[in-house]
Amino acid sequence: MKSLKSRILMLFVCALILPTAFAAAPKKKSAPAKENSSPILPFHATEKTLANGLKVIIVPTGFPNVVSVYTTMQTGSRNEIEPGKSGFAHFFEHVMFRGTEKFPPEKYNAIVQKAGARQNANTSDDRTIFTQTFAKEDLPQILEIEADRFQHLSYPESTFKTEARAVLGEYNKNAASPLRKILEVQRDAAFDTHTYKHTTMGFIKDIEDMPNQYAYSKEFFRRWYRPEYATLIIAGDVKASEVLPLVEKYYGGWKHGDYKIEIPKEPPQKGPIYANVPWPSPTIPWVTVAYRVPGFDENSVAIPAIDTAFDLEFGDTSDLHKKLVEDEQKVDRLIYFNDAHVDPSLYTVFARVKDGKDAVYVRDQILKTFAKLRDEREPEKRVDDAKSNARYAFVRSLDNTEAITETVAEYAKFRRSFNTVNNYYRELAKVTPKDIQETAKKYFTDKDVVITTLSHDPLPAGIDKVPSFAALGVSMISAAPESSFRVIAQKSVFPQVDVKLLFTAGSVNDPAGKEGLAALSASMIADAGSKQMRLDEINKALYPMAGSFNSGVDKEMTTFTASIHRDNWSKFFDIVLPQLLSPGFRAEDFQRLKDQQLNTLKQDLRNANEEELGKEELIDQIYAGTPYAHTVLGTVAGINAITLDDVRNFIAHNYTRGNLVMGISGDYPQALETRLESELAKLPEGGAPTDGKKSLAAIAGQTPNGLNVEIIQKDTRSTAISIGMPIPVTRENPDFAALNVARVWLGEHRASTGRLYQRLREIRGLNYGDYSYIEFFTHPGALFFPRPNVARRSQAFEIWIRPVVPVNAQMSIRLALYELNKLIENGLSQKEFEATRDYLMKNVYLMTASQDERLGYALDSWWYGIPEYTGYMRAQYSKLTRDQVNAALKKYLSAQNLDVVIVTKDAEALRDQLVKDDFSAIKYDSPKPDDIVAEDKIIGAYKLNIKPENVKIVPVDDVFAK
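Residues numbered from 1 in each chain as written. Predicted model: local features only at pLDDT ≥ 70, side-chain atom pairs only at ≥ 80, totals over all residues. Heavy atoms only, no water.

Our focus in this paragraph is the overall build of the chain. Counting its secondary structure elements, the chain contains 35 helices and 22 strands. Computed over the C-alpha atoms, the radius of gyration of the chain is 27 Å, within 12% of the 30 Å expected from 2.2 N^0.38 for a compact globule of 962 residues. In terms of overall dimensions, the chain has C-alpha extents of about 75 × 70 × 60 Å along its principal axes. For the chain, the proportion of its 962 residues judged to be buried stands at 67%. Element-wise, carbon and sulfur atoms account for 51% of the exposed surface of the chain, whose accessible area totals about 32500 Å². (Helix = DSSP H or I, 4+ residues; strand = E, 2+ residues; numbered from the N terminus. Rg over C-alpha atoms; globule rule 2.2 N^0.38 Å. Buried < 20%, exposed > 50% of the residue type's maximum accessible area, 1.4 Å probe, protein only. Areas by Shrake-Rupley, 256 points an atom, 1.4 Å probe, with all protein chains shown as cover.)

Spelled out as structure tokens, the structure:
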């Protein structure tokens, strides 16, 4: 994936998988090459099953200081067998953080915070995984609190009802995604008896009824949260001899259960299935083709063969991708989802069709590709290339303790064994062209196909009539000057080599009327080939070595990231360097990427993600009249106006040696650094070398007088809210550490310890989460940690209120501003200050845990003019005082003068409610404590003082238009 794809995938990956599932498929395809018989996981793990049935896997990873503790429960939506009770596996992903008698939530969260830990949980069809990553010194206490909550979870009915409403809020949040809906409808149509019929979230009618199922929730926990269904994976800087006694101590008392069930088997499909999703708002149509595949068996070649088939025929190097996406340009997304399940499930190919009239044609091209897999054998060289790609891709993925633990945890859902991963990859390494063809003949049949479409406008006649393979047939056969740029080198023992080429040019350099030029220019480098090779040729050449060359664009910088195993660096850079030094600039690639960028702006950002829409528009409002006042993707008018000559000129004037800083990390040979310096010296000189932020003029946002509100009118179930104001504080500022402590206390990203999260989500169940920021966080719904190389000379303070039901919009804003005002006026207590600062002192290690992150942060530190990020921030925190934090709050923040962007359906009614400023209340499903009732009365009367002239309503189609 290249160029805009990094941005696109963050918008789409979570929609392609079930609402809270891991994106495990790419890892699963990884395998050693045919000639490599050694285990693919290069670690010496210790496994033990306790007397109570708990499986323990301990993996020393070789990465210092950090430990990950993952618990895989063989409990997912597959276990939800009773009618009317779907969604409870996912519910327990959330309620497991509600505490026990020994460690109630506030005590549990305090321990997690003190450890500097980041924790999370996620659910899929076959399992629920709970995660903790922290500094190794805190392992004993983390194991104690984790063991306690799995054995002694306790929550009253009022808490249950609150959490159930938060789950409904998550469903409402997801309702904006066409792909989530298409998967929901696909599975409902494809399954009759098996519990895969419903997605991980569950049926909406069951979620709405969930507050009435308190007694059943207790029974679900009693049945499934037992040691015989659990795998405890402890990985990182650990020794089995030291860890096992701790596990015995804390988990030994967990009682074995007695509940057994038979999951109903799905009968054979009797014929092709078609389902359509009529989408209420304008969108580009989707066509999906799915087939039933067998359940996972680590000693069978079936799933590995199908995985390889999907990779070869529907991946970026496939003939179908070249035909539909690059040559004919009828499709702007061709992607697939191949997540193996415990029981037979669906593998799906997704195509987003640029013009609905081509839907039947695209469907049939996909079907013909499946027919080709049955009728012809893949070339042996292509299959070998796939295994080579998989081998190197897997090595590349193991660059941090969390990634290693995640891999083991994901496969533990099958047999609770470390060796499941190795066994699967051993089978994949054996796959032959004959295996692929025979498996295709068995599973890709006329009667086993499931086709699902989604569109706003009617699709062509015949889309619901699924042709047989016989009716389709198979028609798819087909010396340089010395360098003058800075180099940041980070040698390590890791064999994967990462190179980042950072150009100090981004969307601030877009000319007026050509907004989006920086993003499109980067795409034309990373995703459009070179003069010597077309894109499809490059993808096929890189495929065996699992090399990647991606781009990322932000306001101030464009970063090209190359990643390759050290074995292959020479031939890799033979291929990718010409993309930068002698771009292809083909008209057909330009049109394809221009259409893709326009669709990403209009469809993915504007019409399929209220949260991202609100956050991007908030920045546009804060920085109106400045170079920050448009999204990196640009505007509709701006993208339409861009020509290929504009791209050529932008690249010539901005991708210069003077604008370049190179970062390189890994166990690379000196010859690589020497070659890169020599080759990149061929770039235009471009003036004196850049000096980062200090060489740039300031960009100042505008702080409004009062609350300035923009309401985006959009047909959506829920209401998304973003609040913010500009702040003149970036990382080199002496007050940055102080504001960061306050930010974390108020709302650490995707953590349950923040004040906003506790008051809005945990106590009142208003939504899925509430967080605050002092640096722009790209795609926060999909990421746990901020991405590097989004450095900006000006930042904004933001509050992100994840979508609420419309009736609670005004109260949610009041709650957030009430809490912000209290923080500014009262400051942090000494205890709150110390706990938050100590958390950050340790958490900073996790932000730079991977090699890629460390290199990215090093480049950012150069840009800001500060030392290495981890050491610099720990030094700042260590000398920080509570008084400095509280002074910074008063100096920079306001609860009265803010921009507010709201995305909702009934914009006029909300505008009238906000301007009227009458009392607002919350209706709860169960009684709340007296102190909360009393507080609600105060907050409900909290005056927003919004002037009518400070509220504007904007139709969604006008956002980012020009």
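Going through the model one piece at a time under the given rule, you end up with 80 salt bridges. Of the charged contacts in the structure, one is a salt bridge between Asp237 and Lys136, with a shortest N-O distance of 3.0 Å. In this pair, Asp237 sits in the loop between β6 (230–236) and α10 (240–251) while Lys136 sits in the loop between β5 (128–135) and α5 (139–152), placing the two residues 101 residues apart along the sequence. The partner of Lys891 in a salt bridge is Asp735, with the nearest N and O atoms 3.7 Å apart. On the criterion of sequence distance, the pair formed by Lys891 in helix α33 (residues 882–892) and Asp735 in the loop between β18 (719–727) and α27 (736–747) is long-range, its members being 156 residues apart. A residue is classified by how much of its surface remains accessible, and Lys891, at 58% relative accessible area, is exposed. (Salt bridge = Lys/Arg side-chain N within 4 Å of Asp/Glu carboxyl O.)

Before going further, it helps to spend a moment on the layout of surface pockets. In this structure, the largest pocket encloses a volume near 1100 Å³. Lining the largest pocket are 38 residues, and of these Pro105, Glu106, Asn109, Thr753 and Gln758 sit closest to its centre. Mapped onto the lining of the largest pocket, the elements with two or more residues apiece are α4 (105–114), α6 (157–174), α27, α28 (755–762), α30 (830–847) and α35 (930–940). With seven residues, α4 is the single largest residue contributor to the lining of the largest pocket. Its residues assigned to classes, the lining of the largest pocket comprises 12 nonpolar, 13 polar and 13 charged. (1 Å grid on protein atoms, 1.4 Å probe; cavity = no way out; pocket = protein on both sides within 12 Å on 5 of 7 lines; lining within 4 Å. Points joined across faces, edges and corners; volume = space filled by probe spheres on them. Nonpolar A, V, L, I, M, F, W, Y, C, P; charged D, E, K, R; others polar.)

To continue, consider the sheet that holds strand β19 (residues 770–773). The sheet built from six strands is open, its strands ordered β19-β20-β18-β21-β17-β22 with mixed pairing. This sheet does not close on itself; its edge strands, each paired only once, are β19 and β22 (951–955). Neighbour-to-neighbour, the strand axes of the sheet open up by a mean angle of 15°, direction not taken into account. Of the pairings in the sheet, the one linking β19 to strand β20 (residues 795–804) comprises four bridges and is antiparallel in character. Following the sheet pairing, Asp770 is matched in β20 by Ile801. With respect to the sheet, helix α29 (residues 809–826) is in contact with β17 (707–713), β18, β20 and β21 (898–904), its orientation differing from that of β20 by roughly 140°. (Pairing = 2+ DSSP bridges. Axes fitted to C-alpha atoms, helices over the stretch in contact; angles between N-to-C directions. Contact = heavy atoms within 4.5 Å.)

Now for the sheet that holds strand β16 (residues 660–666). Pairing is mixed in the open sheet, where five strands are placed in the order β12-β16-β13-β15-β14. Edge positions in the sheet fall to β12 (486–491) and β14 (548–553), since each of these pairs with one other strand and no more. In this sheet, adjacent strand axes meet at a mean angle of 15° when their direction is disregarded. By the bridge criterion, six bridges tie strand β13 (residues 496–503) to β16 in an arrangement that is antiparallel. Looking at the pairing, Phe503 lines up with Leu660 of β16. Along the sheet face, helix α19 (residues 517–526) touches β14 and β15 (558–565) and points at about 175° away from the line of β14.

Of all the residues in helix α25 (residues 644–654), the buried ones are Leu644, Asp646, Val647, Phe650, Ile651 and Asn654. Each buried residue of α25 sits inside an arc of 155° when the element is viewed along its axis, so together they form one side. Residues of α25 that are buried in the fold lie against β13, α19, α22 (587–605) and α24 (636–641). (Arc of directions from axis to C-beta.)

Attention now goes to the environment of Asn640. Here Asn640 is to be found in helix α24. Relative accessible area serves as the criterion here: at 44%, Asn640 is assigned to the partly exposed category. In the structure, Asn640 is positioned 141 residues away from Gly781 in sequence and 29 Å away in space, judged by C-alpha atoms. Here Asn640 is in contact with Lys594 and Leu598, once residues within four sequence places are set aside.

With that settled, the discussion passes to the packing of α4 against α5. Running from amino to carboxyl end, α4 crosses α5 at an angle of 150°, the nearest separation of the two axes being 10 Å. As judged from the angle between their axes, α4 and α5 are roughly antiparallel. The interaxial crossing formed by α4 with α5 has left-handed handedness. Contacts from Tyr108, Ile111 and Val112 in α4 reach Gln141, Ile145, Glu146 and Arg149 in α5. Counted by class, the contact of α4 with α5 contains four nonpolar, one polar and two charged residues. (Parallel < 35°, antiparallel > 145°, perpendicular 65-115°, else oblique. Left-handed = near helix turned anticlockwise from the far one by under 90°.)

This brings us to helix α15 (residues 401–415). Over its 15 residues, α15 extends 22 Å from the first C-alpha to the last, a length consistent with the 21 Å expected when each residue adds 1.5 Å. When you tally the buried positions in α15, you get 13 out of 15 residues, the bulk of the element. In this structure Asn400 caps α15, since a side-chain oxygen of it lies 3.1 Å from the backbone nitrogen of Glu402. (Expected span 1.5 Å × (residues − 1). Polar contact = N/O pair within 3.5 Å; in protein donor to acceptor, adjacent residues only side chain to side chain.)

This part takes up empty space enclosed by the protein. When its volume is computed, the second largest cavity comes out at roughly 250 Å³. Forming the boundary of the second largest cavity are 19 residues, of which Asn740, Arg743, Glu775, Pro786 and Met847 lie nearest the centre. Counting residues per element, the ones that place at least two in the lining of the second largest cavity are α27, α30 and α32 (869–878). Per-element tally for the lining of the second largest cavity: the top contributor is α30, with four residues. Among the residues forming the lining of the second largest cavity, the class breakdown is 12 nonpolar, three polar and four charged.

The next subject is the nonpolar core. In this structure, Ile723 and Leu820 are the most contacted members of the largest nonpolar core, which totals 81 residues. At 10 residues, the largest contribution of residues to this core is made by α29. When sequence neighbours within four positions are dropped, the list of residues in contact with Leu820 reads Leu746, Phe797, Ile799, Leu893, Ser894, Ala895 and Leu898. (Core = buried A, V, L, I, M, F, W, Y, C linked by side-chain atoms within 4.5 Å.)

All right, on to the packing of aromatic side chains then. Throughout the structure, instances matching the rule amount to 55 aromatic pairs. Aromatic side chains Phe503 and Phe560 sit 6.1 Å apart centroid to centroid with 80° between the ring planes, which places their arrangement in the edge-to-face category. Of the two residues, Phe503 sits in strand β13 while Phe560 sits in strand β15, which places them 57 residues apart along the sequence. Take Phe503: its relative accessible area is 0%, and that puts it in the buried class. Residues Tyr857 and Tyr869 carry aromatic rings whose centres are separated by 4.8 Å and whose planes lie at 40° to one another, so their mutual orientation is tilted. Here Tyr857 is found in helix α31 (residues 851–864), whereas its partner Tyr869 is found in helix α32, with 12 residues between them in sequence. The pair formed by Tyr857 and Tyr869 is uniform in burial state, with each residue classed as buried. (Phe/Tyr/Trp six-rings, centres within 6.5 Å; stacked < 30°, edge-to-face > 60°.)

This part takes up the packing of helix α11 (residues 302–314) against helix α17 (residues 433–443). Close contact between α11 and α17 brings their axes to 9 Å; oriented N to C, the two are set at 95°. Between α11 and α17, the angle is such that the two are roughly perpendicular. Here α11 contributes Ala302, Ala305, Ile306, Thr308, Ala309 and Leu312 to the contact with α17, which in turn contributes Asp435, Ile436, Thr439 and Tyr443. Of the residues in the contact of α11 with α17, the class split is seven nonpolar, two polar and one charged.

Of all the eight residues making up β13, eight are buried; the element is thus mostly covered by neighbouring parts of the structure. Burial of the side chains of β13 extends over both faces: Gln496, Asp498, Lys500 and Leu502 are buried on one face and Val497, Val499, Leu501 and Phe503 on the other. In this sheet, β15 lies alongside β13 in antiparallel orientation, the contact comprising eight bridges. Bridge assignment links Asp498 to a residue of β15, and that residue is Ser563.

For residues besides glycine, phi is generally negative; the peptide bonds are generally trans as well. Its identity as a non-glycine residue notwithstanding, Asn65 has a phi of 75°, on the positive side. Relative to the helices and strands, Asn65 resides in the loop between β2 (55–60) and β3 (66–73).

A few words now on the side chain of Thr195. With respect to the helices and strands, the residue Thr195 is situated in the loop between α7 (178–190) and α8 (204–209). At a separation of 2.7 Å, a polar atom in the side chain of Thr195 contacts the main-chain carbonyl oxygen of Arg78.

On to the environment of Pro867, then. Assignment of secondary structure puts Pro867 in the loop between α31 and α32. Taking the C-alpha atoms as reference, Pro867 lies 9.4 Å from Glu732; in sequence the two are 135 residues apart. Filtering out sequence-adjacent residues up to four positions away, Pro867 remains in contact with Ser861 and Tyr872.

With that settled, the discussion passes to the environment of Ser492. Looking at the element boundaries, Ser492 is found in the loop between β12 and β13. Residues Ser492 and Ser665, spaced 173 residues apart in sequence, show a C-alpha to C-alpha distance of 6.7 Å. A polar atom in the side chain of Ser492 sits 2.9 Å from the side chain of Gln851.

Nothing here speaks to function; it is geometry throughout.
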